[in-house]
Amino acid sequence: MSDTSPIIRCQNVWKLYGPGAEALSGQSASRLDDAFLAARGLVPAVRDVTLDIRQGEIFVIMGLSGSGKSTLVRCMTGLVDTTLGDLWIGADNLRGIEAKRLVDIRRRRISMVFQDFALLPHLTVLDNIAFPLRVQGMGREARLKRARELAELVALTGREDRFPHELSGGQQQRVGIARSLTTDPEIWFLDEPFSALDPLIRHEMQDEFLRLQGTLHKTIVFITHDFEEAIRIADRIAIMHDGRVVQVDTPEGLILNPADAYVAEFTRKIPRHRVMRAGSLTRPAPAQTEGTPVPATALVADIAARVLASDRPVPVADEKGAIIGAVDRDRVIAAICGTDAA
Amino acid sequence: MMMAALIRRPPPAASAAGRARMQAAAAVLGLILALVLAALWRDALPAWVVRPPKGWLFDLAGPVNRFLAWLSQEAAIGPVTVKGLTRGIASGFALPLDLLQGLLVKGIDLPLPGGTLRLAALPWWALAAAAAIFGHWVAGRRAAGLVLATCGYFLVLGLWEAAMQTLASVAVAVVVGAILGIALGAAAHRWPRLDAGLNLVYDVMQTLPVFSYLVPILLFFGFGPVAALIATVIYAMPPMARNTTLALRRLPASVMELASMAGCSPRQRLFLVLLPAARQGLLTGFNQLVMLSLSAVIIASVIGAGGLGNVVLQGLKSMQLGRAFEAGLGITLMAIVLDRLSHAVALRRPAHGNQRAGLRRHPALYGALAILVAGLAAAQTVPALRDFPEALTGSSGRTLDNFFAWANVALEAPIGAVRDGVVRHLFRPAKEALLALPWLAMAGLVAVLAYAASGAALALACTAMLGFIALTGYWDLAMTSLYLVGISTLIATLIGFPIGVLAAQGPRLGRITALVIDTLQTLPTFVYLIPVVMLFGLGDFPAMVAIVLFALPPAIRYPMDGIARVPKSLVEAADMAGCTRLQRLALVQIPQALPEIMLGLSQTILMAFGMLVITALVGTRGLEQETLVAVSKARVGEGLIAGLGISFLSIMADRLITHGSARLRRRLGQG
């Protein structure tokens, strides 16, 4: 699913707001403790974040409002200058990058979807989608042709001539998504793209998003404050709290091994069988198992019916088809009831 | 729960708010007492406290005159004289103005190798038809009807040429003002430091009487319509620039981020993203630009801009009141039409129906253009099609004059009684009291108020402004202006506030009031003078009536909107707490609307100052008269300094009230 080479690397990234924050860029990070910051009236929006985002993965940054997730993603896109630390997009370090180079990266390699859609009110759906190409100087016919393809991709065919105020919220965000894909970027940033939508529409858009990613295979940085949304779409999740990244792990890893009470609080309400995979319930296989093996990567929710209906444990196989053990009824019941994880 | 808290405040809040009120009341009482004492015992005070002695005054007008004379005649930047530069700019403006006036009214002389070729102007029927089609396209059938009726009015009364001349001046001023305003507004948005400085400049531009900068403009740009055009742009441009900055600042942050993420260059960011996205706000500014331009073009008739304003002015001067009235009504109609159309353009939202290309997309526009071209061609070949048949024109002429004369005589007794009574018992005492005040006491009072309202900076600024007025020798004239504005504001508020409160009680009442106010607000200042002079003659009383009429709209609108905007849940809570209507109004709605009411007061004062400037034409005696006299006698320095005095007075009043209300709101715990 995901290549292991990192495409975005954050190394001890800090973003401070307040008087004289810029002057601190030469400081050593070790001095930036709470007392130092409070004495100067500085507010740390992002503190000492180090993480790698791998090529082709869906990386979710999750946190409540004020946790610094929006600032962090704005550091990654160069919309906000980092105060300290290095931030690499591929081979480019955003610290001290030339303006021209940054424009080039934005035109070709990265793009962004906004929470409030940020559609231009005076342009039609098609012109909005084609906007990034227009900025690059592409001719009208060529860019509209490309925009039509994308309108089709996000199921907006037939509405190309509408203006944004003539669309529903979900449709408006489809335009935002299409626009962010016109330049065929490598890295796709989505800043709470579905937060402004009704719950039903939000769910539908998440499905749509997963379907798109199934064909596009972009590297995705997805911001959300909704833990269930994060669980649903993420390969890996970074949880932010007070500007720090508290834990980076797979959804299953977060649930099985929350790093602290703050993370545990989020995971508590999540139905485990929708997150845990067969592999983590596997015990050494007894002599007698029943039926064909289930893959270790299958969600417990998807195999539960079969395991519960069977009198004997069900065998579990890894990607290569080798039996690595079996899962039995007690374990699945425990996972569903949330009484015991492992 | 919430309601109970509002009606009977919990003890600590009650005492804090109560103490604030008590302190404010005590301070105001104390100051008034001090002033009264100062006025009564002025003879006992040293003379320099009462008025600055002669030795303190400095002659600023002389140096200003000499400087401007030097600048406009002799100064040079390198090889280019300033005079050459300004005259160059003037001819730059003159070209489009001449072209448009030629097209609309005068005809154009084309210099050809074999002599000049005379092109006739666009005929009336083509212009009227094209305007009606355009009106229909932007604002619907009723607007088209209004356009046709207005054209008919001008044609039948023989005012067509004057109207077209005015229209041409307005059009050019609007184009120049829009380009300049958007450029300055965008610059202020890009560089926020520029914004504070520009705002100060706009404040002065908007409050400085037009009369006081007419002469300097004449000095630099020469006499004629171009001078009027430049004066118009100075007067009408600031709202365009301010609205541009405001609209750009109100854009969601994500729109800027989108521009960055799409990789826009600075120019692409401005022209492809920011300005189009802020379109609605820009068009609001554009509407104000159009209305103020019309207003200023009319005033500019004083320096010979011609057009409808000139007809009114000549009518008033020669007491042909009927003619003045006809032209005034014409200005009113033109104002309403321009307001309607530019408003409709501002409210237009794109819809997916009209996204066809070229001719099929805007059939009306191409139709109007075709009529204009056909009209131009027809006018060249068939002279009979050029002018409106004279047999069909007419003027009420003497009839209306006679009617006004009769009305004047018939109403003289009751109107005279009212006028004399008000002048004797209100105007004279107020004026005498204000003039009796020692200048130092007044300056001290203002400084204390400014300090209480905002702090040392405002107190210092106010003292400096009042010092400027006193030491340039204009104190008495300034007090004379102040008394007229003060009384007019008081009367406007006394009339406007109850109407506003009443109108807020029902949506239907509110709609009707809003319609009346909107119409009143579209009228240029000049128009108000006409009926007032007809009924009341010349002097302070008619001036007061004109000022009150002009300043009434904000006095009504702000309380009305403020009360209507009180959250519905609060009103319902008041009802559920068992408030009577009066209690609800006094305890919930008016306190909640206080910020808007105060803002309305400061707007009323600003409008009053705006009209005061024009009332110089009906013979008031304050600073405004000095600026008008300066025009006729070409005394540049005097006009500018007296004008600055008015500008300072209105800026002070505005700052004191806005800062004071903000402070009061904080102390009353309203934010």
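Residues numbered from 1 in each chain as written. Chains lettered and ligands numbered in written order. Predicted model: local features only at pLDDT ≥ 70, side-chain atom pairs only at ≥ 80, totals over all residues. Heavy atoms only, no water.

**Regarding the sheet that holds strand β12 (residues 314–317) of chain A**
Across a sheet, paired strands are connected by hydrogen bonds in the backbone, their directions being either parallel or antiparallel. Strands sit in the order β11-β12-β13 (chain A) across an open sheet of three strands; the sheet is mixed. Bordering the open sheet on either side are β11 (294–295) and β13 (323–327) of chain A, each of which pairs with just one other strand. (Pairing = 2+ DSSP bridges. Helix = DSSP H or I, 4+ residues; strand = E, 2+ residues; numbered from the N terminus.)

**Points about the interface of chain B and chain A**
Accessible area lost when the parts come together is the quantity often used to give the size of an interface. Chain B puts 21 residues into the contact, and the matching count from chain A is 26 residues. Between chain B and chain A the total buried area reaches about 2200 Å² when both faces are included, carbon and sulfur atoms providing 66% of it. The partner of B:Glu257 in a salt bridge is A:Arg74, with the nearest N and O atoms 2.6 Å apart. Summed over the shared surface of chain B and chain A, the number is six residue pairs in polar contact (both at pLDDT 80 or more). Per-element accounting of the side of chain B that touches chain A gives the leading share, six residues, to helix α12 (residues 253–261) of chain B. (Contact = heavy atoms within 4.5 Å. Buried area = accessible area lost by both parts, 1.4 Å probe. Salt bridge = Lys/Arg side-chain N within 4 Å of Asp/Glu carboxyl O. Polar contact = N/O pair within 3.5 Å; in protein donor to acceptor, adjacent residues only side chain to side chain.)

**What about the nonpolar core?**
Core analysis: the largest hydrophobic core is formed by 197 residues, its most contacted members being A:Ile8, A:Met76, A:Phe131, A:Phe189, A:Val221 and B:Val273. Excluding residues that lie within four positions of it along the chain, A:Ile8 makes contacts with A:Leu51, A:Asp52, A:Ile53, A:Met76, A:Leu87, A:Trp88, A:Ile89, A:Ile187, A:Phe189 and A:Val221. (Core = buried A, V, L, I, M, F, W, Y, C linked by side-chain atoms within 4.5 Å. Buried < 20%, exposed > 50% of the residue type's maximum accessible area, 1.4 Å probe, protein only.)

**Regarding the domain arrangement of chain A**
Residue and element names in this part refer to chain A. Domain parsing of chain A yields domain 1 (6–109 + 185–270) and domain 2 (273–337). Once you take the C-alpha centre of each, domain 1 and domain 2 turn out to be 34 Å apart. Counting the surface lost from both domain 1 and domain 2, the interface buries some 400 Å², and carbon and sulfur atoms represent 78% of this. Counting the surface domain 1 buries against domain 2, the share from its top three residues, Glu252, Ile255 and Leu256, is 81%. (Domains from an automatic or database assignment.)

**What to know about the packing of helix α16 (residues 321–347) of chain B against helix α24 (residues 525–536) of chain B**
Geometry of a packed helix pair, given as the angle between the helix axes and the separation of the axes. Residue and element names in this part refer to chain B. Where α16 meets α24, the axes come as close as 9 Å, and the angle between the chain directions of the two elements is 150°. Taken together, the axis directions place α16 and α24 in an arrangement best described as roughly antiparallel. Handedness of the crossing formed by α16 with α24: left-handed. Of α24, the residues touching α16 (which contributes Leu321, Ala324, Phe325, Gly328, Ile331 and Thr332) are Val527, Ile530 and Met534. Each residue belonging to the contact of α16 with α24 can be placed in one class, and the counts come to seven nonpolar, two polar and no charged. (Axes fitted to C-alpha atoms, helices over the stretch in contact; angles between N-to-C directions. Parallel < 35°, antiparallel > 145°, perpendicular 65-115°, else oblique. Left-handed = near helix turned anticlockwise from the far one by under 90°. Nonpolar A, V, L, I, M, F, W, Y, C, P; charged D, E, K, R; others polar.)

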